[in-house]
Amino acid sequence: MKKEEIRILLVDDEPDIVEIIRFNLTKEGYKIYTATNGQEAVESASLRQPHLIILDIMMPIMDGIQTCEKLREDGRFNETIIMFLTARGEEYSQLAAYDVGADDYVTKPIKPKVLVSKVKSLLRRLNDRPLSYSRLQFDELIIDKDAHSVSIDGQIINLARKEFKILFFLASQPGKVFQRETILDYVWGDSHVGERTVDVHMRKLRKKIGKKYLKTIKGVGYKFMHSQSLR
């Protein structure tokens, strides 16, 4: 995808920060749109369909966490990349951001060149298509990437975006052991997320789909346990 075709929505209520970031990203050739609060962001995203959204957390009307959560509830934004850029660096803020579907979390202040580099890294995912099939079936378990749905015996299982991505990634190669670092790289990319995040998401996955499919390989990582059927 050409740079001039890439749409980025920048959401922050500080005009100086918006102007600096917009200047540097526009200079790179990206098409930049802006919003000053979460409500404006949701409205603009619905209209513009951005490829990347850069969100502040502390904003009036609707904060960044609420905004991200609302966007992720809309199927149109399943593949939209969302990066938090915020002055809040507390661990609980980062965990909250990732829990609602953030792809990256960066704390202010950040040098413009570093930010541009991170944006480029995140946008490389737009051309990343590691899996050539979109539907996996293992007896009663069906994982449908196009519909972004998981069902067991016809019962829909609600998974968060990152949980779904981990499950589909592991299930695409049953029996293969994936190191935590590999899972982190595929699901979170260049984000500064620790291996503990993978463990937390795996625990949540096991609670939702049962323990028989996901096996922990002590000291190494995880694998999906089942005979494979691809469609």
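Before reading on, note that the structure itself is shown above.
What counts and what doesn't
- Residues numbered from 1 in each chain as written.
- Predicted model: local features only at pLDDT ≥ 70, side-chain atom pairs only at ≥ 80, totals over all residues.
- Heavy atoms only, no water.
- Helix = DSSP H or I, 4+ residues; strand = E, 2+ residues; numbered from the N terminus.
- Rg over C-alpha atoms; globule rule 2.2 N^0.38 Å.
- Buried < 20%, exposed > 50% of the residue type's maximum accessible area, 1.4 Å probe, protein only.
- Contact = heavy atoms within 4.5 Å.
- Areas by Shrake-Rupley, 256 points an atom, 1.4 Å probe, with all protein chains shown as cover.
- Lys, Arg positive; Asp, Glu negative; His and termini not counted.
- Charge placed at Lys NZ, Arg CZ, Asp CG, Glu CD.
- Pairing = 2+ DSSP bridges.
- Axes fitted to C-alpha atoms, helices over the stretch in contact; angles between N-to-C directions.
- Core = buried A, V, L, I, M, F, W, Y, C linked by side-chain atoms within 4.5 Å.
- Polar contact = N/O pair within 3.5 Å; in protein donor to acceptor, adjacent residues only side chain to side chain.

A. Layout of the overall build of the protein. For the protein, the count of helices and strands is eight helices and 12 strands. Relative to the 2.2 N^0.38 estimate, which gives 17 Å for 231 residues, the radius of gyration of the protein is 18 Å and therefore close to what a compact globule would have. Counting across all 231 residues of the protein, residues that qualify as buried make up 48%. A separation threshold of at least 6 residues defines the contact pool for the protein, and within that pool the share at least 24 residues apart is 62%. When the accessible surface of the protein is split by element, carbon and sulfur atoms take 49% of a total near 11700 Å². Across the protein, the centroid of the 38 positively charged side chains sits 5 Å from that of the 33 negatively charged ones.

B. Quick look at the sheet that holds strand S12 (residues 221–224). Overall, antiparallel pairing links the three strands, which are arranged S10-S12-S11 in an open sheet. If you trace the sheet from one side to the other, it starts and ends with strand S10 (178–179) and strand S11 (214–217), each paired once. Relative to S12, S10 runs antiparallel, the two sharing two bridges. Looking at S12, one finds that Phe178 is bridged to Tyr222. Running at roughly 145° to S11, helix H8 (residues 195–209) makes contact with S11 and S12 of the sheet.

C. Layout of the nonpolar core. In this structure, Phe84, Ile143, Leu167, Leu170, Ile183, Leu214 and Phe224 are the most contacted members of the largest nonpolar core, which totals 53 residues. At seven residues, the largest contribution of residues to this core is made by helix H6 (residues 161–171). Residue contacts for Phe224: discarding those within four places in its chain leaves Phe138, Leu141, Leu167, Leu170, Ala171, Pro174, Gly175, Lys176, Tyr213 and Leu214. Counting 19 residues, the second-largest nonpolar core is a separate cluster that includes Leu10, Val18, Tyr30 and Met83.

D. Here's a closer look at the environment of Arg135. Inspection of the secondary structure assignment puts Arg135 in strand S6 (residues 135–138). As a C-alpha pair, Arg135 and Ser172 span 37 residues in sequence and 9.3 Å in three-dimensional space. Here the side chain of Arg135 touches Gln137 through a polar contact of 3.2 Å, side chain to side chain.

E. Structural context of helix H2 (residues 38–48). What H2 keeps buried is the set Gly38, Ala41, Val42, Ser44 and Ala45. Those residues of H2 that are buried are in contact with strand S1 (7–11), strand S2 (31–35), strand S3 (52–55) and helix H3 (64–72). For H2, the N-terminal cap is Asn37; the gap from its side-chain oxygen to the backbone nitrogen of Gln39 is 3.0 Å. Taken from the residues just after H2, Gln49 is the one with a positive phi, measuring 50°.

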